[in-house]
Amino acid sequence: MTKFILIASGKGGAGKTSCTINLASAFNYFNKDVILLDANIHNPNLSLNLGLLNTKRNLQDVLLGKYHILEALYNHPSGFRIAPLSIETNYISKVNLSNFKNALFGLDGLTDFVLVDSPSGNNIDTINLINAVDEIILVVNPEIASITDAMKTIRIANYYKKPVRGILLNKTTENDFYNQNDIKTILKREVIGVIEEDSNIKTANYYKDSVVNIFPLSKSSLSFKKAASNLLNELYEFQVRKG
């Protein structure tokens, strides 16, 4: 059975797209088949970060009924498949996400997980995506604006009776005012992973790949694998050897 998961954040700049890419690679680490969908139709950051902007077929064409979604999938070296978006401006006035759920039906039963990279904000696009998936993972930074926007997204999810599986606390440092326990208390949701600020993520983005794939022993890579293990109920332990 395929699980459809929306990776969302109320606030822009939270690192949602990087989390989507690396969570997919972490699922691959546990031998799970994953498909990524770029649903940010106005700012296709997922497609940009993975170097797939000028593909022959894209998710906009799927939403317009030109292709089946399987015809718009591309293999990525990280191990997952992706349905990218085009940056061509002629799609902007033609495409919306009102029929996104119908497009997803074509993937049901063909993969373990479909991770949907959503646009930032709490608008009609977010509502359409929330209605299309099984559950939501919220990417939150340890600062008040991100936390406040996450609360708004949770309210929308509650209204449409969609479960928020947990919080991925991203871009953490030693000097944060809010820690993991604070976030759990404020948002009343489990924190499934804590990802430290890591320059290796930017390097991985430069190479159009995941930090899990390129820097498998980096702190952020290990944290993404731990988050994936929590979601999958898989045992994951890493012990640093001394000497």
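Residues numbered from 1 in each chain as written. Predicted model: local features only at pLDDT ≥ 70, side-chain atom pairs only at ≥ 80, totals over all residues. Heavy atoms only, no water.

### So, empty space enclosed by the protein
This model, assessed by the stated rule, comprises one cavity of 30 Å³ or more. Considering only enclosed or pocket space, the largest cavity measures out at about 30 Å³ in volume. Lining the largest cavity are I41, H42, Q60, Y91, I92 and V95. Looking at the lining of the largest cavity, its residues break down into four nonpolar, two polar and no charged. (1 Å grid on protein atoms, 1.4 Å probe; cavity = no way out; pocket = protein on both sides within 12 Å on 5 of 7 lines; lining within 4 Å. Points joined across faces, edges and corners; volume = space filled by probe spheres on them. Nonpolar A, V, L, I, M, F, W, Y, C, P; charged D, E, K, R; others polar.)

### Some thoughts on the packing of helix 1 (residues 16-29) against helix 10 (residues 219-232)
Following both chains from N to C, one finds helix 1 and helix 10 inclined at 65°, their axes separated by 8 Å at the closest point. As judged from the angle between their axes, helix 1 and helix 10 are roughly perpendicular. Classified by chirality, the crossing of helix 10 by helix 1 is right-handed. On helix 10, the residues that touch S18, C19, N22, L23, A26, F27 and Y29 of helix 1 are F224, K225, A227, A228, L231 and L232. Tallied by class, the residues present in the contact of helix 1 with helix 10 amount to 10 nonpolar, two polar and one charged. (Axes fitted to C-alpha atoms, helices over the stretch in contact; angles between N-to-C directions. Helix = DSSP H or I, 4+ residues; strand = E, 2+ residues; numbered from the N terminus. Parallel < 35°, antiparallel > 145°, perpendicular 65-115°, else oblique. Left-handed = near helix turned anticlockwise from the far one by under 90°. Contact = heavy atoms within 4.5 Å.)

### Details of the nonpolar core
In this structure, L37, F100, V116, I136 and L138 are the most contacted members of the largest nonpolar core, which totals 42 residues. The greatest single-element share of this core, amounting to five residues, is contributed by helix 6 (residues 144-159). Among all residues touching L37, those that are not within four sequence positions of it are L46, L59, I69, A83, F100, L104, L107, V114, L115, V116 and D117. In this structure, I21, L52, V212 and A227 belong to the second largest nonpolar core, which totals 35 residues. (Core = buried A, V, L, I, M, F, W, Y, C linked by side-chain atoms within 4.5 Å. Buried < 20%, exposed > 50% of the residue type's maximum accessible area, 1.4 Å probe, protein only.)

### Considering the sheet that holds strand 6 (residues 135-140)
Here we have eight strands laid out as an open sheet, ordered 3-4-2-5-1-6-7-8, and mixed in their pairing. With one partner strand each, in any of the chains shown, strand 3 (74-75) and strand 8 (191-196) form the two edges of the open sheet. For strand 2 (residues 34-38) and strand 4 (residues 81-83), the ladder comprises three bridges, and the chain directions are parallel. Each residue of the ladder has a partner; that of L36, found in strand 4, is I82. Contacts between helix 6 and the sheet are confined to strand 6 and strand 7 (164-172), with strand 6 contributing the most and set at about 170° to the helix. (Pairing = 2+ DSSP bridges.)

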